[in-house]
Amino acid sequence: ADRLVEVVDLKLHFPVYSGVLRRQTGAVKAVDGVTFEIYEGETLGLVGESGCGKSTCGRAVLRLYEVTDGSITIEGTDIATWSPEELRRVRPKMQMVFQDPQASLNPRMTVSGIIGEPLDEHTSLSKKEKLARIYELMDAVGLNRDFAHRYPHEFSGGQRQRIGIARALALNPRFIVCDEPIAALDVSIQAQVVNLLEDLQKEFGLTYLFISHDLSMVRHIADRVAVMYLGKIVELAPRDPLYNEPKHPYTQALLSAVPEPDPNLEATTQRIILEGDVPSPANPPEGCNFCTRCPRVMEICHRIDPEFREIAPGHYAACHLHYDHDDKNAGETAP
Ligand code: SF4
Ligand code: MG
């Protein structure tokens, strides 16, 4: 498949100011050098615990933020440094579905107003054509046309998310960042919304970056999966190798905490309990970002930030365990 999105060494550092003079005294390294690509028509899952930078990363790819460094190439064009005016031209092609449909929908607008807003901004459809398009979108996401003149508060969470999805589809996007699209919904309707997203992907040939902390859900929907920790992608692989043979100690720990779906089967991996807290992204450790908590930490890990490398076909990880270093054991005391 063709590459639709290519992100290289993307950094998003938010300045920290302090003191009476409000001098910049540091930076929160929310996204600190991530590299990945997304192929046409696939779903790339982006997983990690809250605060790891995955949402910020997704928003940065859509250029909802100024980026500090790196490139974001969409269909062959690097948009990392584009101005808001330039970005307006590509906005229709790249959309976002937000976590909290309640907060992302204007409560004073009707459903038709909400879905029609991007059409007003980017097209010159007549009133009649616009309404026809709004109905078409409502059909696509399974919303009754009679609801067009109602307001968001009249709907359930799942229906509101359908409104948000219809709005994201209005301009025929190719790429959609789904940021925890089901996290705020009742468990009973999460699967419906995920199935809808999958159906729409097939119907319209969409490409997704699917951000979630729910590893089971991502296993269901994603073709490939990237794991983020403290602003960096630590592992990226096609779904099955990632879930069956995780290479990075952080991925291994995350997966060991996912409950075995069939209680009759014995858990295949032993639960790995991580000690300590995630360090602050304003003050990440020297060397490997995971070195303060890694059960397999070595001496080199405290000194050298492991490169993100391909360790098996299509399987990338940033961990010294998987490289041959001359000095890997140089400083280790234990035999
Ligand atoms: Fe653990 Fe070292 Fe690998 Fe980092 S580089 S994950 S600290 S073994
Ligand atoms: Mg988030």
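This one's a predicted model, so the numbers in the text were calculated from it and none came from an experiment.

What counts, and at which threshold
Each chain has its residues counted from 1, following the order in which its sequence is written. To label them, take the chains in the order written and letter them from A, then take the ligands in the order written and number them from 1. Reporting of local features is limited, given that this is a predicted model, to residues whose pLDDT is at least 70; pairs of side-chain atoms are given and counted only at 80 or more, and all residues count toward the totals for whole chains, interfaces and linings. The convention used is that axes are lines fitted to C-alpha atoms, helices contributing only their stretch in contact, and that angles between N-to-C directions extend from 0 to 180 degrees. Each helix is a run of H or I in the DSSP string that is no shorter than four residues. Each strand is a run of E no shorter than two, and both are numbered from the N terminus. Angle categories: roughly parallel below 35 degrees, roughly antiparallel above 145, roughly perpendicular from 65 to 115, and oblique for all the rest. For a crossing to be left-handed, the near helix must be turned anticlockwise from the far one by less than a right angle; the clockwise case is right-handed. We call two residues in contact whenever the C-beta atoms placed from their backbones are within 7 Å. Just so you know the grouping, Ala, Val, Leu, Ile, Met, Phe, Trp, Tyr, Cys and Pro go in nonpolar, Asp, Glu, Lys and Arg go in charged, and all remaining residues, Gly too, go in polar. Counting other C-beta atoms within 10 Å of a residue's own tells you its class, since 20 or more makes it buried, 12 or fewer makes it exposed, and anything in between is partly exposed; those C-beta atoms are placed from the backbone. The pairing criterion is simple: DSSP has to find at least two bridges between the two strands. UniProt positions are given in the numbering used here, feature names are shortened, and annotations may be inferred rather than shown by experiment.

## A few points about the packing of helix H4 (residues 111–122) against helix H6 (residues 157–169)
At a minimum axis distance of 7 Å, the contact between H4 and H6 shows a crossing angle of 25°. Between H4 and H6, the interaxial angle falls into the category roughly parallel. Here the hand of the crossing between H4 and H6 comes out right-handed. Here Val111, Ile114, Ile115 and Pro118 of H4 come into contact with H6, specifically with Ile163, Ala166 and Arg167. In terms of residue class, the contact of H4 with H6 is built from six nonpolar, no polar and one charged.

## Here's the deal with the pairing of strand E9 (residues 224–229)
When you tally the buried positions in E9, you get six out of six residues, the bulk of the element. Going residue by residue along E9, you find Arg224, Ala226 and Met228 tucked away on one face and Val225, Val227 and Tyr229 tucked away on the opposite face as well. The pairing of strand E3 (residues 43–47) with E9 spans four bridges and is classified as parallel. Its bridge partner lying in E9, Gly45 is registered against Val225. Sheet analysis places E9 next to strand E10 (residues 232–238), joined by six bridges and oriented antiparallel. Looking at E10, one finds that Arg224 is bridged to Pro238.

## Section: unusual backbone geometry
Located in the positive-phi region is Asp9, a residue other than glycine, with phi close to 50°. With respect to the secondary-structure elements, Asp9 resides in strand E1 (residues 3–18). Even without being a glycine, Leu230 presents a positive backbone phi close to 50°. Within the secondary structure layout, Leu230 lies in the loop between E9 and E10. On the basis of neighbour counts, which here come to 25 C-beta atoms within 10 Å, the residue Leu230 falls in the buried class.

## Structural notes on the UniProt feature "domain: ABC transporter" (unreviewed entry) in the protein chain
UniProt tags residues 5–255 as "domain: ABC transporter" (unreviewed entry). Within residues 5–255, the helical portion is 38% and the strand portion 29%, while the C-alpha atoms at the span's ends are 27 Å from each other.

## Some remarks on the environment of Val20
Looking at the secondary structure, you find Val20 in the loop between E1 and strand E2 (23–39). Each C-alpha atom, one on Val20 and one on Leu62, is 35 Å from the other, the two residues being 42 residues apart in sequence.

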